[in-house]
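# Tertiary structure, described
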Amino acid sequence: MIHMATKKSGFTLVETLTYGAGLVIILGGMVIFMVYLYDWYRTTTVPTRADQVGIALVSRIVNDIRGADIVNDSGSVFNSQMGAISLTTSSGPNSTTTVYAHQGGVMKYKADSAATTTVSADDILVSGFYVKKLITSVSTVVRVEVDVDYHTPAGTSTNIYNGLAVLRQSYE
């Protein structure tokens, strides 16, 4: 009786473990690379995003100040990190009161009896809003400063954005 040698098909346990270990190493390297890539992306885009937010906030506020008739002293907070500015704009018989205020790390906007809305980005912290009103014999000038904080791997950075506006209605 002769026994014929049969060839077994499939992988041995050692081969399977070797392939599994190799796959784990490759996938681990890919995950580390993706984490590094995400950190690089955040490092390069967050400062640009902070600039966009700061410039947009100052531009919007300055534009509204220029079109306003008066700055309401009673609804404004001057020379404070938690500043606010209240503006009244007339259009014929109608007038609109708008308020910009720094609350809880974001900029808030309210027009008349409408709901208060957030005008700054949720991922960027507004750390300060300073308002200074200057009255001359010719016009009223308002200086605004918005401080924007953002996080980088090196720590927290702050950018300061300034704007200056003359109320158009104050010199006409």
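Residues numbered from 1 in each chain as written. Predicted model: local features only at pLDDT ≥ 70, side-chain atom pairs only at ≥ 80, totals over all residues. Heavy atoms only, no water.

### Focus on the packing of aromatic side chains
Tallying each qualifying case throughout the model produces one aromatic pair. Ring geometry for Tyr100 and Tyr109: centres 5.0 Å apart, planes at 50°, overall tilted. Tyr109 carries the same exposure label as Tyr100, and that label is buried. Lying over the aromatic face of Tyr109, Arg60 brings its terminal NZ or CZ to 4.5 Å of the ring centre. (Phe/Tyr/Trp six-rings, centres within 6.5 Å; stacked < 30°, edge-to-face > 60°. Buried < 20%, exposed > 50% of the residue type's maximum accessible area, 1.4 Å probe, protein only. Lys NZ or Arg CZ within 6 Å of the ring centre and 35° of its normal.)

### Notes on the nonpolar core
Most often, soluble globular proteins keep nonpolar side chains buried together rather than apart. Grouped together as the largest cluster of nonpolar side chains are 28 residues, with contacts concentrated most on Ile65, Ile85, Phe129, Val142 and Val144. For this core, the secondary-structure elements that each account for two or more residues are α1 (13–67), β2 (84–91), β4 (106–111), β6 (125–135), β7 (140–152) and β8 (155–166). It is α1 that contributes the most residues to this core, eight residues altogether. (Core = buried A, V, L, I, M, F, W, Y, C linked by side-chain atoms within 4.5 Å. Helix = DSSP H or I, 4+ residues; strand = E, 2+ residues; numbered from the N terminus.)

### Things to note about the sheet that holds strand β5 (residues 117–118)
Ordered by their spatial adjacency, five strands build an open sheet running β1-β2-β3-β4-β5, and the pairing between neighbours is antiparallel. The sheet terminates laterally at β1 (70–71) and β5, the two strands that pair on one side only. Relative to β4, strand β3 (residues 94–103) runs antiparallel, the two being bridged by six bridges. By the bridge assignment for β4, Tyr100 is matched with Tyr109. (Pairing = 2+ DSSP bridges.)

### A look at the sheet that holds β6
Ordered in space as β6-β7-β8, the three strands form an open sheet in which the pairing is antiparallel. Since the sheet does not close on itself, it has two edges, and those belong to β6 and β8, each with one partner. Ignoring which end each strand starts from, the neighbouring axes of this sheet average 15° apart. Pairing of β6 with β7 involves ten bridges; the strand directions are antiparallel. Along β7, the bridge assignment pairs Ile135 with Thr140. Each of β6, β7 and β8 is contacted by α1, which is oriented at about 20° to β8, the strand it contacts most. (Axes fitted to C-alpha atoms, helices over the stretch in contact; angles between N-to-C directions. Contact = heavy atoms within 4.5 Å.)

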